Amino acid sequence: MNTQDNQPSESKSCGSCEHGHDETPLPRNALVIASGVLLSLGMALRFLHVGASALNTTLFALSTLSGGLLVFPAAFKALQKARLDMNVLMTVAVSGAWLIGEGAEGAAVVFLFALSELLESWSVGRARRAIASLLKLAPETALMRGKHGGLVETDVKQVPVGAEISVRSGARIPLDGKVLEGGSSVNQAPITGESVPVDKKSGDTVFAGTINGEGSLIVQVTKAAADSTLARIIKLVEEAEEQKAPTQRFVDKFAAIYTPAVFVVALLVALLPPLLTSAAWSEWAYRALVLLVIACPCALVIATPVSIVSGLTALARRGVLIKGGAYLEAVGRLRALAVDKTGTITQGKPRVTGVIALGTLTADQVLSRAAAIDIHSTHPLAQAVVEAAIERGITPEPAEDYLSITGRGASAVIKGHPHFIGNHKLAHELGVCSPQIEARLSEIENRGESLAILGHTPHDGCAGEALGIISIGDTLRPEAADALALLHESGIGTVVMLSGDNQRTVDAIARTADIDEAYGDLMPEQKIEHIRRLMAEHHYVGMIGDGVNDAPALALASVGIAMGAIGSDTAIETADMALMQDDLTRVAEAISLGRRTLRIIQFNVAFALIVKAIFLILAFTGHTSLWLAILADTGATLLVIMNALRLLSGATNLNPRDL
């Protein structure tokens, strides 16, 4: 995972985290409503010339007190810490308004500021509740088989790993597990975002929070409730929301300098004109108060966190996990994408398509010895060889001293003789290729298939020889062509395939998938060199891999992306972005939404700064009032919030071509 500033955010907004609202004896909503009602009543009586002026003053004072309970205590705490924040700024403005006889405007300032804080808190809360609702996906109890065979309703936290649970038709699956009995279709949309239910049978994996279809299942629990895939998703998203994006860190630093500077400027506005020009003290004191109010950077500070939380939540609903605002912004800036071949562009389920025996061995003997070596490997091509041997009823011969040869293949001792199985490059290095063998290899590679050469390793004066060639095919993912078109539409200028497979096979796959550049025969360190080159050219580069074998390249890229991370703890923890299902189109969706998030953040920040600049000029020239200043600040905050929440509201209909 890339090294970024992962420190938790101390404050996500202009004040909602610092006001001590939870410590207020009265509910925040009630205080804001009371402040608004009292202010409205006082203004109505003044407009209608009803009641004594003392009554109006009392109503405005009570309104100020009601709203001030959400502001004044927080301002006092900030001063105790020798910190000037927005609460102090508003407290000074309100106090100044009352001192110059503008009680009505002071009450309006504190009410509208408290209202903007309430709206801000609601907006962040809405975004957080959207992801918190995932907690409700998994049932709190499970029907666990008891010692005597009956079903006992048990708290999911008390169900041990290895226990057997019953999942009835239409019910939500309470825990991760493996199907023991029964068959059904399961709606995995809550976890992966898939729109079509997936058929499950004995031996298949199911996940907590998914919805069972028409069948009944007996499931063996494989993970405790706290370790389920759903629980991990929730934890990761919550951690991601606490990590500040670069824009947010910049705004926080800006606000830390900006707010004290505003106090100094306001003080100079109040003092210098009367001292230098004999202007009226009350007029310039009023202008200084207007300056304090309009300078409050609420809209500016809230612009980024609400957008980031909304974007992260929108993607989580679609089965895409991004580990923080820094990575979401990086996703939005991607200009090039490097992809692994096997399991990313192709199905990742290669199958043996042919076995060519060379010399005295039969095809079955070639497959037997190849499987004897490959049975020790987890590589997809090796597993394809082992599966082919099993399907043909061939028992692999015993093998000893297995050794993996990175980027080449593997070796082992069979019947007392050293053997190898590996790619074209390994056969060349061992000197066992001949013109006839080269012709066979070229034919296979030109078909876009991978190959594995079985041979007798040169040793002790033995020249060694190639014993057989195994061709292995892997088909393109059905969505690959459309996904690559979407990636280009989303702004990715270059898609590069990096593979350890031979160059001819890589070229054939690249032509079929319409990939811009393709490089084969790569060792892990060579993939890193290509990532460095791409970053020098495009600055922001994403890398899609399996989260394990491609870990160095994933770590170096601006954004490391793991596909099909559902059920894979390693992939989720290694990558910066994890796709919960094997669907390349989700990368295009994430990039498009990342770009949209960036645009919204940039618009919000620019809009907030422009509004501030306009009203600061009006404050200096005396063409605005406390009323207009606080209305402008509240209005800007509200518009920024609503703009950011568009990311959340559009999450269910996310389409890269619409973003």
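Scroll up to find the structure this text is about.
Enquirer: Help me understand the packing of helix H10 (residues 298–317) against helix H11 (residues 325–333) in this model?
Expert: Relative orientation and spacing of two packed helices are given, respectively, by the angle between their axes and the distance between those axes. Closest axis-to-axis distance for the H10/H11 pair is 10 Å, and the angle between their directions is 75°. On the basis of the axis angle, H10 is roughly perpendicular to H11. Counted together, Ile308, Gly311, Leu312 and Leu315 of H10 and Gly325, Leu328 and Glu329 of H11 form the full contact between these two elements. Partitioned by chemical class, the residues of the contact of H10 with H11 number four nonpolar, two polar and one charged.

Enquirer: I would appreciate a short explanation of the pattern of salt bridges in the present structure.
Expert: Note on pairing: side chains with opposite charge can pair once their charged atoms come close. In total, this model carries 13 salt bridges according to the counting rule given. For the salt bridge of aspartate 204 with lysine 201, the shortest nitrogen-to-oxygen distance reads 3.7 Å. A residue is classified by how much of its surface remains accessible, and lysine 201, at 53% relative accessible area, is exposed. Between glutamate 537 and arginine 533 there is a salt bridge; the shortest N-O distance is 3.4 Å. Linking glutamate 537 with arginine 533, this pair stays in helix H19 (residues 524–538), spanning four residues, or about one helical turn. Through salt bridges that share partners, Arg145, Glu164 and Glu181 make up one connected network.

Enquirer: Any chance you could explain the nonpolar core here in plain terms?
Expert: As a rule of thumb, soluble globular proteins bury nonpolar side chains together. Counting residues in each nonpolar core, the largest one holds 105 residues, and the members touching the most others are Met90, Ile322, Met497, Met577 and Val587. Take this core: its biggest share by element is twelve residues, from helix H22 (residues 585–621). Setting aside chain neighbours within four positions, we find methionine 90 in contact with Val71, Val109, Phe113, Leu292, Val293, Cys296 and Ile630. Ranked by size, the runner-up nonpolar core spans 23 residues in total, among them Val352, Ala389, Ile414 and Ala452.

Enquirer: What is the right way to look at the sheet that holds strand E15 (residues 417–422) in this model?
Expert: Adjacent strands of a sheet form backbone hydrogen bonds with each other and so pair up, either parallel or antiparallel. Strands sit in the order E12-E17-E16-E15-E14-E13 across an open sheet of six strands; the sheet is antiparallel. On the outer flanks of this sheet lie strand E12 (351–357) and strand E13 (400–405), each paired with one strand and no other. For this sheet, the mean angle separating the axes of adjacent strands, direction not counted, is 20°. Relative to strand E16 (residues 450–456), E15 is paired through four bridges, and the arrangement is antiparallel. Among the inter-strand pairings, histidine 419 is bridged to a residue of E16, identified as histidine 456. Relative to strand E17 (residues 465–473), helix H16 (residues 435–446) is tilted by about 10°, and along the sheet it contacts E12, E16 and E17.

Enquirer: What's the story with the side chain of asparagine 56 in this structure? I'm lost.
Expert: Along the polypeptide, asparagine 56 turns up in helix H2 (residues 53–68). According to the relative accessible area criterion, asparagine 56 is buried, its value standing at 9%. Once residues within four sequence positions are removed from consideration, asparagine 56 is found in contact with Gly42, Leu45, Arg46 and Val50.

Enquirer: What's the story with the packing of helix H4 (residues 86–99) against helix H9 (residues 281–294) in this structure? I'm lost.
Expert: Put simply, H4 and H9 touch, their axes get as near as 9 Å, and they point 150° apart. Of the possible angle classes, the one that applies to H4 and H9 is roughly antiparallel. Crossing handedness for the pair H4 and H9: left-handed. Contacts between H4 and H9 involve Leu89, Met90, Val92, Ala93, Gly96 and Ala97 on the former and, on the latter, Leu289, Leu292 and Val293. Residues belonging to the contact of H4 with H9 are distributed by class as follows: eight nonpolar, one polar and no charged.

Enquirer: Explanation requested: the pairing of strand E21 (residues 559–562) in the structure shown.
Expert: Taken residue by residue, a regular strand's side chains alternate between the two faces of the sheet. Burial of the side chains of E21 extends over both faces: Val559 and Ile561 are buried on one face and Gly560 and Ala562 on the other. As paired elements, strand E20 (residues 541–545) and E21 share four bridges and run parallel to each other. Bridged to glycine 545 within E21 is alanine 562. Sheet analysis places E21 next to strand E22 (residues 577–579), joined by two bridges and oriented parallel. Bridge pairing links alanine 562 to alanine 578 in E22.

Enquirer: I would appreciate a short explanation of unusual backbone geometry in the present structure.
Expert: For residues that are not glycine, phi is negative in most cases, and the peptide bond is trans in most cases. Non-glycine residue aspartate 401 carries a positive phi angle of around 55°. Along the polypeptide, aspartate 401 turns up in strand E13. Even without being glycine, lysine 415 reaches a positive phi, approximately 55°. Counting through the fold element by element, lysine 415 comes out in the loop between strand E14 (409–414) and E15.

Enquirer: Got a minute to help me understand the pairing of E15 in this structure?
Expert: Taken across its six residues, E15 has five buried, putting it largely inside the fold. Both E14 and E15 contribute to a ladder of six bridges, which runs antiparallel. Opposite alanine 412, over in E15, you have histidine 419 as the bridge partner. Taking the residues between adjacent antiparallel strands as the criterion, E14 and E15 are bridged by two residues, where lysine 415 takes a positive phi near 55°.

Enquirer: Just checking my understanding: could you explain the sheet that holds strand E6 (residues 198–200) for this structure?
Expert: Strand order in the open sheet formed by three strands is E6-E5-E8, with antiparallel pairing between adjacent strands. The outermost strands of the open sheet, each flanked by one partner alone, are E6 and strand E8 (211–212). Bridge count between strand E5 (residues 184–187) and E6: three bridges; the pairing is antiparallel. Paired with serine 185 across the strands is aspartate 199, a residue of E6.

Enquirer: How do you make sense of the environment of glycine 183 when you look at a structure like this?
Expert: On the secondary structure map, glycine 183 appears in the loop between strand E4 (177–181) and E5. Filtering out sequence-adjacent residues up to four positions away, glycine 183 remains in contact with Lys200, Gly215, Ser216 and Leu217.

Thresholds, definitions, all that
Residues numbered from 1 in each chain as written. Predicted model: local features only at pLDDT ≥ 70, side-chain atom pairs only at ≥ 80, totals over all residues. Heavy atoms only, no water. Axes fitted to C-alpha atoms, helices over the stretch in contact; angles between N-to-C directions. Helix = DSSP H or I, 4+ residues; strand = E, 2+ residues; numbered from the N terminus. Parallel < 35°, antiparallel > 145°, perpendicular 65-115°, else oblique. Contact = heavy atoms within 4.5 Å. Nonpolar A, V, L, I, M, F, W, Y, C, P; charged D, E, K, R; others polar. Salt bridge = Lys/Arg side-chain N within 4 Å of Asp/Glu carboxyl O. Buried < 20%, exposed > 50% of the residue type's maximum accessible area, 1.4 Å probe, protein only. Core = buried A, V, L, I, M, F, W, Y, C linked by side-chain atoms within 4.5 Å. Pairing = 2+ DSSP bridges. Left-handed = near helix turned anticlockwise from the far one by under 90°.

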